[in-house]
Amino acid sequence: MEIKTATASQETKQQREVILSVRGLKKYFPITSGIIVQRQVGAVKAVDAVDFDVYKGETLGLVGESGCGKSTTGRTVLQLYRPTAGSVQFEGEELTTLRGEELRRIRRRMQIIFQDPFASLNPRMTVGNIVSEPLVIHNVYNKKQRREFVEELLVKVGLNPFYINRYPHEFSGGQRQRIGIARALALNPSFIVADEPISALDVSIQAQVVNLLEDLQKELNLTYLFIAHDLSMVRHICDRVAVMYLGKIVEIGPTNLVYNNPLHPYTQSLLSAVPVPDPTVEEQRQRIILGGDVPSPANPPKGCNFNTRCPVAVDYCYQEPDPELVEIEPGHFVACHRVT
Amino acid sequence: MGVLLEVNDLVTRFYTQEGIVYAVNGVSYTLNEGETLGIVGESGSGKSVHALSMLGLIPMPPGKIERGSVVFQGRDLVKLSKDEMRLVRGAEIAMIFQDPMTSLNPVLTVGTQLTEGLKLHLGMNQAQADRRAAELLDMVGIPDARKRLANYPHQFSGGMRQRVMIAIGLSCNPKLLIADEPTTALDVTIQAQIIELVKRLRDELKMAMIWITHDLGVVAGISDTIQVMYGGRIVERGPIKAVFENPRSAYTLGLLNSLPRVDADGGGGRLHQIEGSPPDMRIEPIGDSFAPRNPLYRTERCFTETPPLRQVEDSVPGHLVAAWYDLPALRKKHEMEKLKHGN
């Protein structure tokens, strides 16, 4: 009995190895005014003090509505945007202070898949050149080896290697997304930010790409940060999920805990707003319809960020500062005055 | 309830430099007064083009309505002149589109765009039209409606712009509202607001609606009847519950199975996926367009002969399918075989 518990805890410990640790991450975009002399008159707080960890081999979902800062978070983590403040540790190394060659070296280990497979592939490059470009930049393999490796990658993502000399316009949306995935895999990364990888695809193609991402994760032991607004797909693919609102994480936890027991009023309304493909269920569903729109991140409300739309806000939600994340059950954190 | 709209064998093609695009390949259905029809399909299924063809909104050339009729309240819309069509569009049939930013004119105030139709179709003067426009904005839930009439589209958020579009669409009390992916560009919480609004207005104004979308969840919540399109044809159609509970087309079944659900734990298994990609519409469709992606249920005949849309024998009246195979029988057979192999 004791031995069993020991192995079990060891196993969870192994699973819980942190690959990415984000603390106090902020990304402000300046708002400037003036024609000759540009003065900063304000800031869009796209990401405003975000903390989270990503464990090795897991998929962390990052969900929220447009403008909530989920994509900016993904890009700031990868140092595609340099953060305004905060720290990003990846495989034990602090990324925010790295520059030039050091940063380029570590970028081999972390890659990104973009949303729009039409805009993210250079139309004048062949598939072979697109997928091998990272190998050329990082000086991996000679020309012949590269070609062989690219063919191997194409097979891996379900494309015919015969297509290596074709151009992106000759492919469908789903196939182009596979090319984008092959490019992301070229340098054998351990961590991939998937920024809405399926939202531009047809329904019947989405399942193909999601299955491919899951197969590759198992085969190559990949860790994903899966950015999406499709909450049904996130439930399927993610081990844990973080809900963002106006640049902050309002709730984070294991997927099933968050979906079965959403604590933040925003998460509750978000989940209730997702249509279910079942007319009988739809007939009986009670929606929590939020009034209004998301406030501008340049001018967030005083008090709790969500108080302008919150169905359960009370006086102190307008007076107290924005709530911090608090652990309610193991691994399940929420930032709401009404819950904590 | 009487028949409001009758579409008969509508065929639309585009004659482009790269060849003929077979966009709509024989679509026939009827819509009753007050009925909400949800049309589901992927890009290239012909769902939008068929609606645009009905309203004379496809560019001709390159587009051409090859044959068919669209009878709306006793008149064939296909045969109307441009001027006659303009009087139907907006007044009797209104349409709202996916992207409210590109369907509103950015250099005209919302008030100008709202009153245009009122003056043209209902013969109102400026003062009457202004008053009605403010009422309409109020009806679609835009606060401070009177003042907002003087605003330009960019001063509204995406959800608010779609409300403006709906107000314009409803301004002349149409009998039929055609909504082409009206919530696709919106966030889910805003989508829920818009759907709730449209449902309320539909019931109040007793209009019929055609809701075109790729989202089976939205259709499940809003429609009386669902129509699934693929390759420019209707592959299945029927009362919403009959089709969701007992799909008879392999494509409908595949779509339903491939969707993860927000209200249930999928169990962590792989998603059911439909192999292959949608058909190339530049090739003239012969047979069942879904046959190449349907290895489980297709028959030889699916490749050579186009299946007609016919009543499903053991389902409710109005449940129609275009398939040569008998889906429930084949599914049962597959189940039995699986069990046998399991033992």
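Here the structure is a predicted model, which means the values were calculated and not measured.

Time to look at the overall build of chain B. Assigned secondary structure in chain B consists of 13 helices and 12 strands. Here the C-alpha atoms of chain B give a radius of gyration of 22 Å, agreeing with the 20 Å that 2.2 N^0.38 yields for 343 residues. Its C-alpha atoms give chain B principal-axis dimensions of roughly 80 × 45 × 40 Å. Per-residue burial over chain B gives 51% buried out of 343 residues. Put simply, 65% of the contacts in chain B that link residues at least 6 apart link residues at least 24 apart. As displayed, chain B has an accessible area near 15400 Å², and 52% of this comes from carbon and sulfur atoms. The centroid of the 38 positive side-chain charges in chain B is displaced by 1 Å from the centroid of its 40 negative side-chain charges.

Across its full length, chain A carries 12 helices and 12 strands. Taken over the C-alpha trace, chain A has a radius of gyration of 22 Å; the compact-globule value for 340 residues is 20 Å, and the two agree within 12%. Once the C-alpha set of chain A is aligned to its principal axes, its extents read approximately 70 × 70 × 50 Å. The proportion of buried residues among the 340 residues of chain A is 51%. Within chain A, contacts between residues at least 6 apart in sequence are counted, and of these 62% link residues at least 24 apart. Roughly 15800 Å² of accessible area belongs to chain A as shown, and the carbon and sulfur atoms make up 50% of that amount. Here chain A holds 37 positive side-chain charges and 38 negative ones, and the gap between their average locations is 7 Å.

This next bit is on the packing of aromatic side chains. Across all of its chains, the model carries 12 aromatic pairs over all chains by this definition. Relative to Tyr266(A), the ring of Tyr245(A) lies with its centre 4.6 Å away and its plane at 55 degrees, an arrangement referred to as tilted. One end of the pair, Tyr245(A), is in strand β9 (residues 240-245); the other, Tyr266(A), is in helix α10 (residues 265-273), and 21 residues separate them in sequence. The two residues Tyr245(A) and Tyr266(A) agree in class, both being buried. Note on Tyr230(B) and Phe290(B): the rings are 5.2 Å apart at their centroids and 85 degrees apart in plane angle, and the pair reads as edge-to-face. Placement of the pair is Tyr230(B) in strand β9 (residues 225-230) and Phe290(B) in the loop between α11 (250-258) and α12 (301-304), with a sequence separation of 60 residues. The class of Phe290(B) is buried, set by a relative accessible area of 4%. Each residue in the set Phe162(A), Tyr163(A) and Phe171(A) is aromatic and connected to the rest through ring pairs, giving one cluster. Here the guanidinium or amino end of Arg148(B) rests over the ring plane of Phe156(B), the centre of that ring lying 4.1 Å away.

What follows covers the sheet that holds strand β7 (residues 176-180) of chain B. Residues and elements named next belong to chain B. Strand order across the open sheet formed by eight strands is β6-β7-β8-β3-β9-β10-β12-β11, with mixed pairing between neighbours. Sheet topology places β6 (93-96) and β11 (310-311) at the edges, where each strand pairs with a single neighbour. In terms of strand pairing, β6 meets β7 through four bridges, oriented parallel. Each residue of the ladder has a partner; that of Ile 96, found in β7, is Ala 179. The strands touched by helix α1 (residues 47-54) within the sheet are β3 (36-40), β6, β7, β8 (208-213) and β9, with β8 carrying the most contacts at an inclination of about 140 degrees.

A word on the nonpolar core. Membership of the largest hydrophobic core comes to 65 residues, with the highest contact counts inside it found for Ile181(A) and Leu231(A). For this core, the element with the highest residue contribution is helix α7 (residues 203-220) of chain A, accounting for seven residues. Leave out the neighbours within four places in its chain, and Leu231(A) touches Val63(A), Tyr259(A), Leu270(A), Leu271(A), Val274(A), Val188(B) and Val262(B). Counting residues in hydrophobic clusters, the runner-up holds 37 residues, among them Leu118(B), Val164(B), Leu177(B) and Val198(B).

Where nonpolar side chains cluster on the molecular surface, the patch consists of Ile35(A), Ile36(A) and Val37(A) and spans about 420 Å² of accessible area. Structurally, the position occupied by Ile35(A) is in the loop between β1 (18-33) and β2 (39-55).

Moving on, we come to the interface of chain A and chain B. Contacts between the two partners involve 41 residues from chain A and, on the opposite side, 44 residues from chain B. Summed over both sides, the interface of chain A with chain B buries roughly 3600 Å², with 57% coming from carbon and sulfur. The largest contributions to the chain A side of the interface with chain B come from Val203(A), Pro277(A) and Pro279(A), which together make up 17% of the buried area. Where chain A packs against chain B, one counts three salt bridges.

For the rest of this paragraph, the subject is helix α4 (residues 110-122) of chain B. All names here are of chain B. A rise of 1.5 Å per residue sets the reference length of α4, with its 13 residues, at 18 Å; its end C-alpha atoms lie 18 Å apart and thus fit the reference within 8%. Among all positions in α4, only Val 110, Gly 111, Gln 113, Leu 114, Thr 115, Gly 117 and Leu 118 are buried. Among the structural elements, α5 (126-139), α6 (145-148) and α7 (158-170) are those in contact with the buried residues of α4.

Residue and element names in this part refer to chain B. Taken together, four strands build an open sheet; the order of strands is β2-β1-β4-β5 and the sheet is antiparallel. Single-partner strands in this sheet number two, and they are β2 (19-32) and β5 (75-76). Together, β1 (3-16), β2 and β4 (63-72) form the strand contacts of α1, whose direction differs from that of β1 by roughly 110 degrees.

Moving on, we come to the packing of α4(B) against α5(B). All names here are of chain B. At a minimum axis separation of 9 Å, α4 and α5 run at an interaxial angle of 115 degrees. Seen along the crossing, α4 lies across α5 with a hand that is right-handed. Contacts between α4 and α5 involve Val 110, Leu 114, Thr 115, Leu 118 and Lys 119 from the first element and Gln 126, Ala 129, Asp 130, Arg 132, Ala 133, Leu 136 and Leu 137 from the second. For the contact of α4 with α5, the per-class residue count stands at seven nonpolar, two polar and three charged.

The next subject is the packing of helix α6 (residues 173-185) of chain A against α7(A). Residue and element names in this part refer to chain A. Taken N-terminus to C-terminus, the directions of α6 and α7 make an angle of 20 degrees; their axes are 10 Å apart at the nearest point. Between α6 and α7, the angle is such that the two are roughly parallel. In terms of crossing hand, the pair formed by α6 and α7 is right-handed. Across the interface between the two elements, Gly 174, Gln 177, Arg 178, Ile 181 and Leu 185 of α6 pack against Ile 205, Gln 208, Val 209, Leu 212, Leu 213, Leu 216 and Leu 220 of α7. Here the contact of α6 with α7 is built from residues that sort into eight nonpolar, three polar and one charged.

In the predicted model, chain A carries a mean pLDDT of 88, and 96% of its residues have values of at least 70. Long-range and interchain partners of residues 1-11 of chain A, a stretch whose pLDDT sits below 50, account for zero contacts in this model, where long-range means more than four residues apart.

The rules behind the values
- Residues numbered from 1 in each chain as written.
- Chains lettered and ligands numbered in written order.
- Predicted model: local features only at pLDDT ≥ 70, side-chain atom pairs only at ≥ 80, totals over all residues.
- Heavy atoms only, no water.
- Helix = DSSP H or I, 4+ residues; strand = E, 2+ residues; numbered from the N terminus.
- Rg over C-alpha atoms; globule rule 2.2 N^0.38 Å.
- Buried < 20%, exposed > 50% of the residue type's maximum accessible area, 1.4 Å probe, protein only.
- Contact = heavy atoms within 4.5 Å.
- Areas by Shrake-Rupley, 256 points an atom, 1.4 Å probe, with all protein chains shown as cover.
- Lys, Arg positive; Asp, Glu negative; His and termini not counted.
- Charge placed at Lys NZ, Arg CZ, Asp CG, Glu CD.
- Phe/Tyr/Trp six-rings, centres within 6.5 Å; stacked < 30°, edge-to-face > 60°.
- Lys NZ or Arg CZ within 6 Å of the ring centre and 35° of its normal.
- Pairing = 2+ DSSP bridges.
- Axes fitted to C-alpha atoms, helices over the stretch in contact; angles between N-to-C directions.
- Core = buried A, V, L, I, M, F, W, Y, C linked by side-chain atoms within 4.5 Å.
- Patch = residues over 30% accessible without salt bridge, like charges linked within 9 Å, V, L, I, M, F, W, Y side chains within 5 Å.
- Salt bridge = Lys/Arg side-chain N within 4 Å of Asp/Glu carboxyl O.
- Buried area = accessible area lost by both parts, 1.4 Å probe.
- Expected span 1.5 Å × (residues − 1).
- Left-handed = near helix turned anticlockwise from the far one by under 90°.
- Nonpolar A, V, L, I, M, F, W, Y, C, P; charged D, E, K, R; others polar.
- Parallel < 35°, antiparallel > 145°, perpendicular 65-115°, else oblique.
- pLDDT = per-residue confidence, 0-100.

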